[in-house]
Amino acid sequence: MNWDDTTGTPASERLVGSVADREDQAVEAALRPKDLDEFIGQEKVREQLDLVLRAARARGATADHVLLSGAPGLGKTTLSMIIAAEMGAPIRITSGPAIQHAGDLAAILSSLQEGEVLFLDEIHRMSRPAEEMLYMAMEDFRVDVVVGKGPGATAIPLELPPFTLVGATTRAGLLPPPLRDRFGFTAHMEFYEPAELERVIHRSANLLEVETDAPGAAEIAGRSRGTPRIANRLLRRVRDYAQVKADGLVTREIAAAALAVYEVDTRGLDRLDRAVLQALLKLFGGGPVGLSTLAVAVGEERETVEEVAEPFLVREGLLARTPRGRIATPAAWAHLGLTPPGAPAAGNGQQDLFGA
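Before going into details, it helps to say that this report is about the structure given with it. (Residues numbered from 1 in each chain as written. Predicted model: local features only at pLDDT ≥ 70, side-chain atom pairs only at ≥ 80, totals over all residues. Heavy atoms only, no water.)

**Some points on the overall build of the protein**
Applied cut-off: Helical segments are the DSSP runs of H or I of at least four residues, strand segments are the runs of E of at least two, and each set is numbered from the N terminus. Residue exposure (1.4 Å probe, protein chains only): buried if accessible area is under 20% of the type maximum, exposed if over 50%, otherwise partly exposed. Here a residue-residue contact requires only that any non-hydrogen atoms of the pair lie within 4.5 Å. The accessible surface values rely on the Shrake-Rupley method and a 1.4 Å probe; as for residues, cover is taken only from the protein chains in view.
A count of helices and strands for the protein gives 15 helices and nine strands. Out of the 356 residues belonging to the protein, those deemed buried represent 47%. Contacts in the protein between residues at least 24 apart in sequence constitute 69% of all its contacts with a sequence separation of at least 6. Of the roughly 17,200 Å² of accessible surface on the protein, 51% is carried by carbon and sulfur atoms.

**Concerning the environment of Ile123**
As for its position among the elements, Ile123 is in the loop between β3 (117-121) and α5 (128-140). Measuring from C-alpha to C-alpha, the distance between Ile123 and Gly96 comes to 4.7 Å, with 27 residues separating the pair along the chain. Those residues in contact with Ile123 that lie beyond four places of it in its chain are Leu67, Leu134, Leu165, Gly167, Ala168, Thr169, Leu175, Leu179 and Phe183.

**A look at helix α11 (residues 271-283)**
Inclusion rule: For a helix, the expected span equals 1.5 Å multiplied by the residue count minus one.
For α11, built from 13 residues, the straight-helix expectation of 18 Å at 1.5 Å per residue is met to within 8% by its first-to-last C-alpha distance of 17 Å. Among the residues of α11, those classed as buried are Leu272, Asp273, Arg274, Ala275, Val276, Leu277, Ala279, Leu280 and Leu281. In this structure, the buried residues of α11 make contact with α12 (291-298), α13 (302-315), β8 (319-322), β9 (325-328) and α14 (330-335). At the exit of α11 stands Gly285, carrying a positive phi of roughly 60 degrees.

**Overview of the pattern of salt bridges**
Basically, it comes down to this: The term salt bridge refers to a pairing of a side-chain nitrogen on Lys or Arg with a carboxyl oxygen on Asp or Glu at a separation within 4 Å.
Following the criterion strictly, the structure yields 19 salt bridges and no others. Residue Arg271 pairs with Glu300 through a salt bridge whose shortest N-O separation is 3.5 Å. Residue Arg271 is located in helix α11, and its partner Glu300 is located in the loop between α12 and α13; the two are separated by 29 residues in the primary sequence. Judged by relative accessible area, which is 42%, Arg271 ranks as partly exposed. Taking relative accessible area as the criterion, Glu300 reaches 24% and is therefore assigned partly exposed. Glu310 is paired through a salt bridge with Arg326; the nearest N and O atoms lie 2.8 Å apart. You can see Glu310 sitting in helix α13 and its partner Arg326 sitting in strand β9, a full 16 residues away along the chain. Taken together, the shared-partner salt bridges in this structure form one network comprising Glu219, Arg223 and Arg252.

**Observations regarding the pairing of β9**
Put simply, the rule is: In this scheme, strands are said to pair when DSSP sees at least two bridges between them.
Where β8 and β9 come together, four bridges link them in antiparallel fashion. Bridge pairing in β9 links Arg321 to Arg326.

**Quick word on the sheet that holds β3**
Rules: The axes are straight lines fitted to the C-alpha atoms, using for helices just the contacting stretch, and the angles between their N-to-C directions are given from 0 to 180°.
Read across the open sheet, the five strands follow the order β2-β3-β6-β1-β7; overall the sheet is parallel. Looking along the sheet, the strands with just one partner apiece sit at the ends: β2 (91-95) and β7 (185-188). Each adjacent strand pair in this sheet contributes to an overall mean axis angle of 15 degrees, direction not counted. When strand β1 (residues 66-69) meets strand β6 (residues 164-169), the two strands line up parallel, connected through four bridges. Note that in β6 the partner of Leu67 across the bridge is Gly167. Its contacts with the sheet put helix α2 (residues 43-59) on β1 and β7, and the angle it makes with β7 is roughly 165 degrees. Running over the sheet, helix α3 (residues 76-87) touches β1, β2, β3 and β6 and is turned about 175 degrees from β3.

**Things to note about the packing of aromatic side chains**
The cut-off we apply is this: What counts as a ring pair is set by centres within 6.5 Å for rings of Phe, Tyr and Trp (its six-membered ring), and what kind of pair is set by the plane angle: stacked under 30 degrees, edge-to-face over 60, tilted for all other angles.
If you walk through the whole model with that rule in mind, you get one aromatic pair. The interplanar angle of 80 degrees and the centroid separation of 5.5 Å between the aromatic rings of Phe141 and Phe163 together place this pair among those described as edge-to-face. With Phe141 in the loop between α5 and β4 (142-147) and Phe163 in the loop between β5 (154-159) and β6, this pair connects stretches of sequence that are 22 residues apart. In this structure Phe141 comes out as partly exposed when scored by relative accessible area, which is 21%. The class of Phe163 is buried, set by a relative accessible area of 1%.

**Describing the packing of α12 against α13**
Here is the rule: Any angle from 65 to 115 degrees is called roughly perpendicular, while one under 35 is roughly parallel, one over 145 is roughly antiparallel, and all others are oblique. Note that Gly is not counted as nonpolar here; it falls among the polar residues with everything else outside the nonpolar set of Ala, Val, Leu, Ile, Met, Phe, Trp, Tyr, Cys and Pro and the charged set of Asp, Glu, Lys and Arg.
Between α12 and α13, the least distance of the axes is 8 Å, while the angle of their chain directions is 90 degrees. As the angle between them shows, α12 and α13 are arranged roughly perpendicular. Taking contact as the criterion, the partners of Leu291, Ser292, Leu294 and Ala295 in α12 are, on α13, Arg302, Val305, Glu306 and Glu310. In terms of residue class, the contact of α12 with α13 is built from four nonpolar, one polar and three charged.

**Side note on the nonpolar core**
Applied cut-off: Within this scheme, the nonpolar core is defined by two criteria: the residues are buried Ala, Val, Leu, Ile, Met, Phe, Trp, Tyr or Cys, and they are joined through side-chain atoms within 4.5 Å.
Of all hydrophobic cores here, the largest spans 48 residues; its most connected members are Leu49, Leu79 and Ile220. It is helix α9 (residues 228-245) that provides the largest number of residues to this core, a total of seven residues. Once you skip the residues sitting within four places of it in the chain, Leu49 turns out to touch Leu36, Val66, Leu79, Ile83 and Phe185.

In structure tokens, the structure reads:
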């Protein structure tokens, strides 16, 4: 089962979850851009990566190792495939959790072709023995395969063909410095602006043969949490609603009505996000309140609130983490249409202050 981020609610139950389920993976394969010119957003990363790849092609060499960091759903896997396509090389895809032993990594590395791209997703979750083997493979294109155990163990050096490692991580801070330093190019993927997401939605709508006007695309983009994967998922759900409840055209009104059915509000908050805010505001007066207490009030696990709901609420400026606990910001009160304790009611003037 896929989980949104690392713990908590299954991703398949959260329309705004950033982890791809099987349906997302199938659709993304069809919608994925094939080269840097098609890739929307991440302007600086695209420009820098284009220079790296052009220079490598001009030298007739393999590209430098690339590290891509950023939140799920921003295009790290897509960029890895574009790197392989731009270099005219095959790509091998694996992930950190799948490599639990140095032998697992040795088997993959020894089967690579010259110039091949190895995409290692969630590279920070690789085991330490495999990580240490990767140091030598990246730098010297060589690994030492240990045969036997104890005093009789022998290290056999194995030469590797030049290859390009593309590592992807959602938590760059967990990568040890020796591993980070071996990447020739490092890029951080930023969240998308609404205008960029509108372009993503229009492109996806054309490929999915969904008729979408500009206001409809803008409505979906505004609720997509700055993430193309979520934008494409919302587009598919709005398409379903438009086909069943309307004439198939996605307008602003249709998009808003569809996403109201799926409980995604104008800022991209879903049921879990709003439950956390409502508990914080209505039960605890805006805080501060401890994470465990807040989780009990919401009826969720502590890790679910901390890892699934809070990152987006903090990024949106609706919730703050403090040493004393979680507190709501004025924006949270305004978003839910509530008045903070002690604040004058709307429409009351100076007379209310003096009790007149």
